[in-house]
Amino acid sequence: GNPPKSRACCRPRISTTRPAGHTATSLGLLAALLGGAAGERPRAPESADPVPRIAMANRRRVLTVGDGDMSCSLALARAFGDRLHLLGSTLCSHVELERTYAGAAAISAELSERGARVAHGVDATALEAATLGSSQDHVVFCHPHLGLSDLLSVEEHARRHTALIGHFLASAKSLLAPGGLIHLTLCGNQRASWRVDDHCRRLGLEIVDGRHVAAPPLGGRAGVPVPPQPGWRARKRFRDGSLGSRHALAAYGYEHRRTEGDGDVRSDKSVELVIAEATPTPCAGPRRREDQAVGPQAECCAVSWTGGKDCNLALLAAWRDASLRVAALVVFRPEGAVFRAHPLCLMEAQAASLGLPLLHVVIPRDPPSYKEAYVRGIRRLREQHGVRVLATGDMDLVGTMARNWIEECAEAAGVRAFLPLWQAERASLLRRLLAERFLVFFSCVKSPWFEAGWVGRQLDAAAVYELETLAAQPRAPAAAGSGEQAKPLDLGGERGEYHTMCLDGPLYGRRVAVTLTQPLELQSQPGQREGERWWTLGFAEGSVEAGCAAAADAAAAAAAVAAAATAAAAAAAAAATAAAATAAAAAAAAAAAA
């Protein structure tokens, strides 16, 4: 809207409610700096508009804070429509908003028509006190400013805004859904002078991207914006000319400067910091595993195992299902096959840490019927190990399949299939991996979506953000020489775009140790198309892989483990014999001395 008549409505009122990690002294000091009493309570937020009429299924929850004339909220609502469950908020009241900004009433009305909600009296430093409803996928704060136009000291200006940003980040973190993001837009040197990086380190946050404001809004998480209509564009002096421009939301009506005199708030000098919760690292030492939830009528369950993220999530779901009793992991492997992305030795080490046996179902070379070989293997699981349920981390149909492969084969063998991840939203599964503190690494990646640098990288908040950015692209670039264009990236890698290995998680007794080398490029692999490049993990000498590289099948692996155990026992016996001899000699010497 028009420039505000007064900036008083921008002055935050500081709550005495303490964000995590903050002291009463810091809040009292901040309140005093802003001219309020240390014990001043924030006014209760005015109730938000009624719940939107549009269905909320699969919509991204977005909260905007400190949105001045609400033009940022309106621009997001125009750009993404019912793909967002949008809640716009302001510090000032509804009356103050309309009195300050000439176009605020029209903006609020259009937001309501578009199914968005608006809340007033919301303090950006005490969002948890505003009862805003459910957790948020995105919290957006564009160009935060205290509105202290009478403050001339650069140092004091930076100090007060440093406090503002610290309290905002702590408060916004408390509202984030698993995998949620904070979008903080700053200009000039504000990132450094307001100590944003220091705040993030202290609060357990990490900056996963620093994007120019011309980049797609919300990091592309809400998909491609609808084409803007001519009547939506921000007025020229707010989007180009001597004050810079090309903000991505300017085409949808966002006027990012508070007044025409705000020459420092230039979009060509602005950056959107994308901030996520830092991925916690599990304790490396031994620990107590989570108890399995086993009911009185629980069925014996085995989990189809590859060692990657999906089977680990399936195991966790089965483990916490009282109708199941997880008894084993099972790997289906073609006879003589070498697993590069999921080495057998790694799976054996995972099984040992999980305290579960790893059963092998070997599929013969060139069987008369591939399906029948699977069915016979699953039937043996039922007859020899009492398996009644087979869990798998499959998420969707692959290729030309009309039905899930494990489900079809298990049914023919008289075993029930359990598919806890079936057709789940990929992003939610990645966020759950972070929330459950799984330690996951990329073990194989393929072009055109990835480069070799992804191999061996941890699947953390920054990696999830980049995956979502890649998946938001309409189509991946064509592979060199393939003559065709690849499909968009499946965020979960369900079409084989990437593979992972898990080294730790909530059910592991201790972290699996492995030493990696430079990635290896694979050539002429089954299923590898012309022009595609595949990279996989390399293992250092003496690592998990090297220690059992000769174990090409289950019998050889078992023999290697048994031999190692025998050698260890022999060494222990020899040590005990030597110790006894030393003790006897010492006793004889003592007797002689006596």
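Engineer: Can you walk me through the overall build of the protein in this structure?
Structural biologist: Helix and strand content of the protein: 16 helices and 16 strands. Of all 594 residues assigned to the protein, the portion counted as buried reaches 49%. Split by element, the accessible area of the protein, about 26,200 Å² in all, is 54% carbon and sulfur.

Engineer: Looking at this model, I keep getting lost on the sheet that holds strand 9 (residues 324–334). Mind explaining?
Structural biologist: Adjacent strands of a sheet pair through backbone hydrogen bonds, lying either parallel or antiparallel. One open sheet accounts for five strands, arranged 10-9-8-11-12; its pairing is parallel. The open sheet terminates on both sides in strands that have one partner only, identified here as strand 10 (358–363) and strand 12 (416–418). Across the sheet, the mean angle from the axis of one strand to that of its neighbour is 30°, orientation sign disregarded. Where strand 8 (residues 299–304) meets strand 11 (residues 389–391), three bridges bridge the pair, whose relative direction is parallel. Following the sheet pairing, Ala-302 is matched in strand 11 by Leu-390.

Engineer: Can you help me understand the pairing of strand 8 in this one?
Structural biologist: With five of six residues buried, strand 8 is to be regarded as a mostly interior element. Where strand 8 and strand 9 come together, six bridges link them in parallel fashion. Bridged to Val-303 within strand 9 is Leu-329. What joins strand 8 to strand 9 is helix 9 (residues 309–319), and the crossover it makes is right-handed.

Engineer: Is there a simple way to think about the side chain of Arg-431 in this case?
Structural biologist: Within the fold, Arg-431 resides in helix 13 (residues 426–435). Beyond its immediate chain neighbours, meaning those up to four positions away, Arg-431 contacts Arg-60, Pro-178, Gly-179, Gly-180, Glu-425 and Glu-468.

Engineer: Can you walk me through the packing of aromatic side chains in this structure?
Structural biologist: Remark: the centre distance and the inter-plane angle together describe each pair of aromatic rings, the angle taken between the planes. This structure, assessed with the given rule, holds 11 aromatic pairs. With centroids separated by 5.5 Å and ring planes inclined at 85°, the aromatic side chains of Tyr-374 and Trp-405 adopt a geometry described as edge-to-face. Taken together, the residues Tyr-374 in helix 11 (residues 370–385) and Trp-405 in helix 12 (residues 405–412) connect sequence positions 31 residues apart. Trp-405 sits in the partly exposed class, given a relative accessible area of 23%.

Engineer: Help me understand the pattern of salt bridges in this model?
Structural biologist: Opposite charge on two side chains permits pairing when their charged atoms draw close. Throughout the structure, instances matching the rule amount to 25 salt bridges. Between Asp-198 and Arg-201 there is a salt bridge, and its shortest N-O distance comes to 2.4 Å. Residue Asp-198 and its partner Arg-201 are located together in helix 7 (residues 196–203), separated by three residues, close to a single helical turn. Arg-201 gets classed as exposed once you look at its relative accessible area, which sits at 59%.

Engineer: What am I meant to see in the environment of Ser-193 here?
Structural biologist: Structurally, Ser-193 is set in helix 6 (residues 190–193). Accessibility expressed as a relative area gives 29% for Ser-193, which makes it partly exposed. Linking Ser-193 and Thr-162, residues 31 residues apart in sequence, is a C-alpha distance of 7.5 Å.

Engineer: Just to check I follow, could you spell out a nonpolar patch on the surface for this structure?
Structural biologist: Judged by side-chain polarity, Leu-397, Val-398 and Met-401 come together as a nonpolar surface patch covering roughly 220 Å² of accessible area. What makes Leu-397 partly exposed here is its relative accessible area of 36%.

Engineer: Would you explain the nonpolar core in this entry?
Structural biologist: A general feature of soluble globular proteins is that nonpolar side chains tend to end up buried together. If you look at the biggest cluster of nonpolar residues, it comprises 65 residues, and the most contacted ones within it are Trp-305, Leu-315, Leu-329, Leu-459 and Leu-467. If near-sequence neighbours (up to four positions away) are discounted, Leu-315 is found in contact with Val-303, Trp-305, Val-326, Leu-329, Leu-354, Leu-356 and Leu-507. The next biggest cluster of nonpolar side chains, apart from the first, holds 29 residues, and it includes Val-122, Ala-158, Leu-175 and Leu-184.

Engineer: How should the confidence of the model for the protein be read in this particular structure?
Structural biologist: Low pLDDT means the predicted coordinates in that region are not meant to be read closely. For the protein, per-residue confidence averages 77 on the pLDDT scale, and residues scoring 70 or more make up 72% of the total. Contacts for the low-pLDDT stretch residues 1–57, under 50 throughout, to residues beyond four places or in other chains number 130 contacts. Within the model, pLDDT remains below 50 along residues 590–594, and this stretch shows zero contacts once partners closer than five positions in the same chain are excluded.

Engineer: Would you explain the environment of Pro-357 in this entry?
Structural biologist: Secondary-structure assignment places Pro-357 in the loop between helix 10 (344–354) and strand 10. Judged by relative accessible area, Pro-357 falls into the partly exposed class, the value being 42%. Among all residues touching Pro-357, those that are not within four sequence positions of it are Ala-327, Ala-328 and Leu-329.

Engineer: Is there a simple way to explain the packing of helix 2 (residues 71–80) against helix 4 (residues 104–113) in this structure?
Structural biologist: Each pair of packed helices gets described by two things: the angle between the helix axes and the distance between those axes. Two elements in contact, helix 2 and helix 4, have axes whose closest approach is 10 Å; the angle formed by their N-to-C orientations is 35°. Handedness of the helix 2/helix 4 crossing: left-handed. Two secondary-structure elements touch here, helix 2 through Ser-71, Ser-73, Leu-74, Ala-77 and Arg-78 and helix 4 through Ile-107, Glu-110 and Leu-111. When its residues are assigned to classes, the contact of helix 2 with helix 4 shows four nonpolar, two polar and two charged.

Engineer: What is the right way to look at helix 14 (residues 461–472) in this model?
Structural biologist: In an α-helix, one turn spans 3.6 residues, which is why side chains three or four residues apart end up on the same side. Taking 1.5 Å of rise per residue, the 12 residues of helix 14 would be expected to cover 16 Å, and the 17 Å separating its terminal C-alpha atoms lies within 8% of that figure. Buried residues of helix 14: Ala-461, Ala-462, Ala-463, Val-464, Tyr-465, Leu-467 and Glu-468, and no others.

Engineer: Even after reading the chapter, I still don't get the packing of helix 9 against helix 13, so can you show me in this structure?
Structural biologist: Where helix 9 contacts helix 13, the axes come no closer than 11 Å and their chain directions differ by 75°. The angle between helix 9 and helix 13 falls in the class roughly perpendicular. Residue-level contacts link Lys-309, Leu-313 and Leu-316 of helix 9 to Leu-429, Leu-430, Arg-432 and Leu-433 of helix 13. When its residues are assigned to classes, the contact of helix 9 with helix 13 shows five nonpolar, no polar and two charged.

Engineer: Explanation requested: the sheet that holds strand 2 (residues 84–90) in the structure shown.
Structural biologist: The sheet built from seven strands is open, its strands ordered 3-2-1-4-5-7-6 with mixed pairing. At either margin of the open sheet sits one strand with a lone partner, and together these are strand 3 (117–120) and strand 6 (205–212). Along the sheet, successive strands turn relative to each other by an average axial angle of 20°, direction set aside. Strand direction decides the pairing type here: strand 6 and strand 7 (residues 270–277), joined by seven bridges, are antiparallel. Residue pairing across strands places Ile-207 opposite Ile-275, the latter belonging to strand 7. Helix 5 (residues 154–175) contacts strand 1 (60–64), strand 4 (136–142), strand 5 (176–187), strand 6 and strand 7 of the sheet and is inclined by roughly 155° relative to strand 5. Docked against the sheet, helix 7 engages strand 5, strand 6 and strand 7, running at close to 145° with respect to strand 6.

Engineer: What is the right way to read the side chain of His-199 from this model?
Structural biologist: Position of His-199 relative to the elements: it lies in helix 7. Side chain to side chain, His-199 and Arg-202 meet in a polar contact 2.9 Å long. The residues contacting His-199, other than those within four sequence positions of it, are Thr-162, Ile-165, Gly-166, Leu-169 and Trp-194.

Engineer: Could you clarify how one ought to interpret helix 13 in this entry?
Structural biologist: For helix 13, the buried fraction is high: seven of the 10 residues fall into the buried class. Among the residues of helix 13, Arg-426, Ala-427, Leu-429, Leu-430, Arg-431, Leu-433 and Leu-434 are the ones counted as buried. Summarising the contacts, the buried residues of helix 13 are in contact with strand 1, strand 5, helix 9, strand 13 (439–446), helix 14 and strand 14 (498–504). Where helix 13 ends, the next residue or the one after it, Arg-437, has phi of about 65°, a positive value.

Each value, and the rule that gives it
- Residues numbered from 1 in each chain as written.
- Predicted model: local features only at pLDDT ≥ 70, side-chain atom pairs only at ≥ 80, totals over all residues.
- Heavy atoms only, no water.
- Helix = DSSP H or I, 4+ residues; strand = E, 2+ residues; numbered from the N terminus.
- Buried < 20%, exposed > 50% of the residue type's maximum accessible area, 1.4 Å probe, protein only.
- Areas by Shrake-Rupley, 256 points an atom, 1.4 Å probe, with all protein chains shown as cover.
- Pairing = 2+ DSSP bridges.
- Axes fitted to C-alpha atoms, helices over the stretch in contact; angles between N-to-C directions.
- Right-handed = clockwise from strand over helix to strand, strands pointing away.
- Contact = heavy atoms within 4.5 Å.
- Phe/Tyr/Trp six-rings, centres within 6.5 Å; stacked < 30°, edge-to-face > 60°.
- Salt bridge = Lys/Arg side-chain N within 4 Å of Asp/Glu carboxyl O.
- Patch = residues over 30% accessible without salt bridge, like charges linked within 9 Å, V, L, I, M, F, W, Y side chains within 5 Å.
- Core = buried A, V, L, I, M, F, W, Y, C linked by side-chain atoms within 4.5 Å.
- pLDDT = per-residue confidence, 0-100.
- Left-handed = near helix turned anticlockwise from the far one by under 90°.
- Nonpolar A, V, L, I, M, F, W, Y, C, P; charged D, E, K, R; others polar.
- Expected span 1.5 Å × (residues − 1).
- Parallel < 35°, antiparallel > 145°, perpendicular 65-115°, else oblique.
- Polar contact = N/O pair within 3.5 Å; in protein donor to acceptor, adjacent residues only side chain to side chain.

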